[in-house]
Amino acid sequence: MKKRLRKKTYRSEFQEFGWYVTLVLKSDAAQQGSSLWEPLMAQVDDLDLMMGGSLVSFFVQPVIRITKEQTQHRQQQLQQWLTQRPEVAQATSSALTDAWYGPFPR
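Source: prediction; values computed, not measured.

## Re the packing of aromatic side chains
Part 1: Enumeration over the complete set of coordinates arrives at one aromatic pair.
Part 2: Cation over ring: Arg 11 sits above Tyr 101, and NZ or CZ is 4.0 Å from the ring centre.

Right, dumping it as structure tokens:
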């Protein structure tokens, strides 16, 4: 496949990766979800990431195209930040997945 087509179809060196995050909030934090929302948005922004979903289950991917290793590093940084938050009882991150072609959970 030619480079132009690989770029248009997000293949090979143009792949983009993301991951799923699932949170279990502590009971008092579940009622005050907004106390986690603003700091989470700030952290996602600081790491140059974008996310979609709800507060307890969302997909994250980098804003710009970066390598798989760089994406893994940002995944580790976000996971570490989430586990240190007092509102979060448990934070689970999936393995990296191709953001365009999956596999996606059902």
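## What about the pattern of salt bridges?
Part 1: Following the criterion strictly, the structure yields three salt bridges and no others.
Part 2: Salt-bridge contacts for Glu 13 lead to Arg 6; the nearest nitrogen and oxygen are separated by 2.9 Å.
Part 3: Its relative accessible area of 19% is what places Arg 6 among the buried residues.

## Describing unusual backbone geometry
Part 1: The omega torsion of the bond from Gly 102 to Pro 103 falls at 15 degrees, within 30 degrees of zero and hence cis.
Part 2: For Pro 103, the location among the structural elements is in the segment after β5 (97–98).
Part 3: Despite not being glycine, Ser 12 shows a phi value in the positive range, around 50 degrees.
Part 4: Note on Ser 12: relative accessible area 47%, which makes it partly exposed.
Part 5: Not every positive phi belongs to a glycine, and Asp 48 is a case in point at roughly 55 degrees.
Part 6: One can find Asp 48 in the loop between α3 (34–46) and β2 (49–53).
Part 7: Relative accessible area serves as the criterion here: at 39%, Asp 48 is assigned to the partly exposed category.

What counts as what
Residues numbered from 1 in each chain as written. Predicted model: local features only at pLDDT ≥ 70, side-chain atom pairs only at ≥ 80, totals over all residues. Heavy atoms only, no water. Phe/Tyr/Trp six-rings, centres within 6.5 Å; stacked < 30°, edge-to-face > 60°. Lys NZ or Arg CZ within 6 Å of the ring centre and 35° of its normal. Salt bridge = Lys/Arg side-chain N within 4 Å of Asp/Glu carboxyl O. Buried < 20%, exposed > 50% of the residue type's maximum accessible area, 1.4 Å probe, protein only. Helix = DSSP H or I, 4+ residues; strand = E, 2+ residues; numbered from the N terminus.

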